[in-house]
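# Structure assessment
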Amino acid sequence: MKLSARNQLSGTIESIQKGAINSIVSLVVNGGTTKITSTISNASVDDLELSPGKKATAIIKATEVLVGLGDLKLSARNQIDTTISAITEGAVNAQVSLQASSATFTATISLNAVKELDLKVGMEAKAVIKSTSVMIGI
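This text gives an overview of the structure that appears in the document. Note that the structure is predicted; figures quoted are calculated from it, not measured.

### Brief notes about the side chain of Asn 42
- With respect to the element layout, Asn 42 can be found in helix H1 (residues 42–47).
- A distance of 2.5 Å separates a polar atom in the side chain of Asn 42 from a polar atom in the side chain of Ser 23.
- The residues touching Asn 42, leaving out its near neighbours within four places in the chain, are Lys 18, Gly 19, Ala 20, Ile 21, Asn 22 and Ser 23.

This is the structure we're talking about:
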């Protein structure tokens, strides 16, 4: 299956914390140090037969990736240290590429946000993603 989601990060499941309805799945990407956390239903964990050590893919739409600067105090579980590696400006939106230690994230944000934050290639930034915005595929 091919997907239109710009962020498809392969990795290995590190842990699964089961709750009453949902589970928190932690995935280490590309054998590196970048970790992505996903909140999915227990039914999905069972249907996909997820377990620690199993290979999986984190799937995140570019519109679900926020770009943050500085020390952020947010409830979003995924706040990944990155460096801006590219900015492609359109008429209304921009595509920002964020390079982490073992993963690249693509964020689609407004051109106004790029200008207001004065984003530049080479700047340190955070890729911010709510765990409920991360799908897991196998």
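### Concerning the pairing of strand E8 (residues 104–110)
- Taken together, the 7 bridges between strand E7 (residues 93–99) and E8 define a ladder with antiparallel strand orientation. Among the inter-strand pairings, Asn 93 is bridged to a residue of E8, identified as Ser 110.
- If you look at the hairpin formed by E7 and E8, you'll find 4 residues sitting between the two strands.

### Some remarks on the sheet that holds strand E6 (residues 78–89)
- Here we have 5 strands laid out as an open sheet, ordered E5-E9-E6-E7-E8, and antiparallel in their pairing. Each having just a single partner strand, strand E5 (66–68) and E8 make up the two edges of the open sheet. Across the sheet, the axes of successive neighbouring strands diverge by a mean angle of 45°, strand direction being ignored.

### Considerations on the sheet that holds strand E4 (residues 55–60)
- Taken in spatial order, the 5 strands make up an open sheet running E3-E2-E1-E4-E10, and their pairing is antiparallel. Strands at the two margins of the open sheet, each flanked by one partner only, are strand E3 (35–41) and strand E10 (135–137). Strand after strand, the sheet turns through a mean of 45° between neighbouring axes, direction not considered.
- Here 3 bridges tie E4 to E10, and the two strands are oriented antiparallel to one another. Bridged to Thr 57 within E10 is Gly 137.

### Focus: the nonpolar core
- Leu 9, Ile 36, Ile 60, Val 67, Val 96, Leu 98 and Phe 105 are the most contacted members of the largest nonpolar core, which has 32 residues in total.
- Each residue touching Ile 36, except ones within four places of it in the same chain, is listed here: Leu 9, Val 25, Ser 26, Leu 27, Val 29, Ala 58, Ile 60, Asn 78, Ile 80, Phe 105 and Val 134.

### Observations regarding the environment of Ser 23
- One can find Ser 23 in strand E2 (residues 22–29).
- Classification of Ser 23 as buried rests on a relative accessible area of 0%.
- With 19 residues separating them in the primary sequence, Ser 23 and Asn 42 have C-alpha atoms 5.6 Å apart.
- For Ser 23, the residues in contact, after removing those within four places along its chain, are Ile 16, Gln 17, Lys 18, Ser 38, Thr 39, Ile 40, Ser 41, Asn 42 and Val 45.

### Focus: the pairing of E3
- Bridge analysis of E2 against E3 gives 7 bridges, and the strand direction is antiparallel. In the sheet register, Val 25 faces E3, and the bridge partner there is Ser 38.
- Here E2 folds back onto E3 in antiparallel fashion, the turn holding 5 residues, of which Asn 30 has a positive phi close to 55°.

### Here we look at the pattern of salt bridges
- Enumeration over the complete set of coordinates arrives at 4 salt bridges.
- Its salt-bridge partner being Lys 18, residue Asp 46 comes within 2.9 Å of it at the nearest N-O pair. You can see Asp 46 sitting in helix H1 and its partner Lys 18 sitting in strand E1 (residues 7–18), a full 28 residues away along the chain.
- Where Asp 81 meets Lys 126, a salt bridge forms, and the shortest distance between an N and an O atom there is 2.5 Å. Here Asp 81 is found in strand E6, whereas its partner Lys 126 is found in strand E9 (residues 124–129), with 45 residues between them in sequence.
- Residue Asp 81 is classed as exposed on the basis of its relative accessible area, which comes to 55%.

Procedures and definitions
Residues numbered from 1 in each chain as written. Predicted model: local features only at pLDDT ≥ 70, side-chain atom pairs only at ≥ 80, totals over all residues. Heavy atoms only, no water. Helix = DSSP H or I, 4+ residues; strand = E, 2+ residues; numbered from the N terminus. Polar contact = N/O pair within 3.5 Å; in protein donor to acceptor, adjacent residues only side chain to side chain. Contact = heavy atoms within 4.5 Å. Pairing = 2+ DSSP bridges. Axes fitted to C-alpha atoms, helices over the stretch in contact; angles between N-to-C directions. Core = buried A, V, L, I, M, F, W, Y, C linked by side-chain atoms within 4.5 Å. Buried < 20%, exposed > 50% of the residue type's maximum accessible area, 1.4 Å probe, protein only. Salt bridge = Lys/Arg side-chain N within 4 Å of Asp/Glu carboxyl O.

Purely spatial values, then, with no claim about function.
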